[in-house]
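Here are the chains, one letter per residue:
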Amino acid sequence: MPRYAQLVMGPAGAGKSTYVHTVEQHYSCLRRKVHCINLDPAAEFFAYEVQCDIRELISVDDVMEDSQLKFGPNGGLVFCMEYLIQNTEWLDECLGDVDDDYFIIDCPGQIELYTHMDTMQRFVAALEGWGIRVCAVYLLDSQFLVEPSKFIAGMCSALSAMVQLQVPHINVLTKVDLLSARDRDNLDRWLDPSQLIMEGCVSRTANKRHARLSNALCRLLDDYSLVHFVPLNISDEDSIGDLCLQIDLMLQISEEAEPRGMRDPEIDTESGFGDEV
C-alpha cells in the first residue's frame, strides 16, 4: 500500500506547528496513526511528538557558529535545507518503510524555499521516489484579511508555491477563531474572492501609486482562479474534520483504511466497536 505525506508550508507565524499538533490529535481520536516530522532547523519547541527532527542532522545554530560559513539566520536555514537534500538517506532511514504510513511534515517559514528556489521541489521528488504520495497544505494567517493588500500578497505566494511544487495543493486560512465578529461575517467572500472584491478592497487600502500593479495582480489571480481557501478553526472539531476529509480525498486515501493501534481491543469489543470497525 502507498504511504502519504502532508507538506505543511506557509509564512512564519501562520500556525504551522499548531496545525500539525491539531491534526495529530484529530487523527488520534479517529484511531489513525500519523507521524510528525520537523523540517525546521531553527525550531525550539513542539507540542507534538516528533518522529524525525532535522536538528538531529543539522541545525541553524550549528551553521551560524561555523567560522568558515559565516551565515546569518536566513542563510543558515537555506544551507540546512540544502544539506538535507544532499543527505536524504538520513531521512529515508528515519521514516522507515511501513505500508500505509502517514507523515505530517512541519516545514520552515522561509517563503523563498517554496516560491523561487528548487529546494522543496527536490525534497518532494525524493519523497515521491520512495513511494510516498505528497500533498501541499499552504497556511495563511486569516489576520491578513484586516489588510487586503497583504492578503493579496499572501495569495500570490500561495500561487507561486503551487506552481513550483506541482503536487495536489490546498490553501488554508488559519486562526479564524481569532477574527472579530465583523471579519468572520465577511470571511466567505475571501475564500474564493472575485476580481471585483479584491480590487474594491485594495483600492481603499493600498498605496495609490501602486494601484495599477495591485489591480493587475487581482486580475491575474482571478483569470486563473487557482487560489481558493478553506477556513480552519482549531476550536471547532467540524472545521478540522472537514479540512482533513478534503486532504484525504486529495491524497486518494481509501475509506476502507483500517485504524491501527490506538485503543484496547477488549474495550472496543465491549463498546460494540471491535474488529468490524
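Further up the page is the structure itself.
What follows concerns the overall build of the protein. When helices and strands are tallied, the protein shows 13 helices and seven strands. A total of 277 residues make up the protein; the buried ones form 46% of that total. Residue pairs at least 24 apart in sequence account for 74% of intrachain contacts in the protein once pairs closer than 6 positions are excluded. By element, 49% of the accessible surface of the protein is carried by carbon and sulfur atoms, the whole surface being about 14300 Å².

Another point: the packing of helix α1 (residues 16–29) against helix α12 (residues 237–251). Contact pair α1 / α12: the axes reach a minimum separation of 11 Å and the direction vectors enclose 90°. Here α12 runs roughly perpendicular to α1, going by the angle between their axes. Contacts from Tyr19, Thr22, Val23, His26 and Tyr27 of α1 reach α12 at Glu237, Ile240, Gly241, Leu243, Cys244, Ile247 and Asp248. For the contact of α1 with α12, the class distribution of residues is seven nonpolar, three polar and two charged.

Let us now look at helix α7 (residues 148–165). Since the α-helix packs 3.6 residues into each turn, any two residues three or four apart lie on the same face. With 18 residues, α7 should cover 26 Å at 1.5 Å per step; its first-to-last C-alpha distance of 26 Å lies within 8% of that length. Burial in α7 covers these residues: Pro148, Phe151, Ile152, Gly154, Met155, Ser157, Ala158, Leu159, Ala161, Met162, Gln164 and Leu165. Two residues or fewer after α7 comes Gln166, characterised by a positive phi angle close to 60°.

Taken as a whole and judged by the stated rule, the model has one disulfide. A disulfide bridge connects Cys52 with Cys94, and the sulfur atoms are separated by 2.0 Å. The disulfide joining Cys52 to Cys94 has a torsion of about -115° about its S-S bond and is therefore left-handed. In this pair, Cys52 sits in strand β3 (residues 50–53) while Cys94 sits in helix α4 (residues 88–95), placing the two residues 42 residues apart along the sequence. Here Cys94 falls in the partly exposed class, since its relative accessible area comes to 23%.

Moving on, we come to the nonpolar core. One finds Leu7, Met9, Ile105, Met120 and Phe123 to be the most contacted residues of the largest nonpolar core, which totals 35 residues. The contact partners of Met120, leaving out residues within four places of it in the chain, are Leu7, Met81, Cys107, Leu113, Tyr114 and Leu165. Core analysis: the second largest hydrophobic core is formed by 27 residues, Ala43, Tyr48, Ile170 and Ile240 among them.

To continue, consider the sheet that holds strand β7 (residues 229–231). The strand order across the open sheet formed by seven strands is β3-β2-β4-β1-β5-β6-β7, and the pairing between neighbours is parallel. The open sheet has two edge strands, β3 and β7, and neither has a second partner. Put simply, the sheet's adjacent strands are angled 30° from each other on average, direction ignored. The pairing of strand β6 (residues 169–174) with β7 spans three bridges and is parallel. Bridging from a neighbouring strand, Val172 pairs with Val230 of β7. Here α4 sits on the sheet and contacts β1 (3–9), β2 (35–38), β3, β4 (102–106) and β5 (132–141); the angle it forms with β3, its principal contact strand, is near 170°.

This part is about the packing of aromatic side chains. Enumeration over the complete set of coordinates arrives at six aromatic pairs. Each residue in the set Tyr4, Tyr27 and Tyr102 is aromatic and connected to the rest through ring pairs, giving one cluster.

This part covers the pattern of salt bridges. Any two side chains of opposite charge can pair if their charged atoms end up close together. The full count for this structure, using the stated rule, is five salt bridges. Where Lys175 meets Asp141, a salt bridge forms, and the shortest distance between an N and an O atom there is 3.4 Å. With Lys175 in the loop between β6 and α8 (181–185) and Asp141 in strand β5, this residue pair connects regions lying 34 residues apart in the sequence. Accessibility expressed as a relative area gives 27% for Lys175, which makes it partly exposed. Residues joined by salt bridges that share partners form a network here, namely Glu82, Asp118 and Arg122.

Parameters at a glance
Residues numbered from 1 in each chain as written. Predicted model: local features only at pLDDT ≥ 70, side-chain atom pairs only at ≥ 80, totals over all residues. Heavy atoms only, no water. Helix = DSSP H or I, 4+ residues; strand = E, 2+ residues; numbered from the N terminus. Buried < 20%, exposed > 50% of the residue type's maximum accessible area, 1.4 Å probe, protein only. Contact = heavy atoms within 4.5 Å. Areas by Shrake-Rupley, 256 points an atom, 1.4 Å probe, with all protein chains shown as cover. Axes fitted to C-alpha atoms, helices over the stretch in contact; angles between N-to-C directions. Parallel < 35°, antiparallel > 145°, perpendicular 65-115°, else oblique. Nonpolar A, V, L, I, M, F, W, Y, C, P; charged D, E, K, R; others polar. Expected span 1.5 Å × (residues − 1). Disulfide = S-S within 2.5 Å. Core = buried A, V, L, I, M, F, W, Y, C linked by side-chain atoms within 4.5 Å. Pairing = 2+ DSSP bridges. Phe/Tyr/Trp six-rings, centres within 6.5 Å; stacked < 30°, edge-to-face > 60°. Salt bridge = Lys/Arg side-chain N within 4 Å of Asp/Glu carboxyl O.

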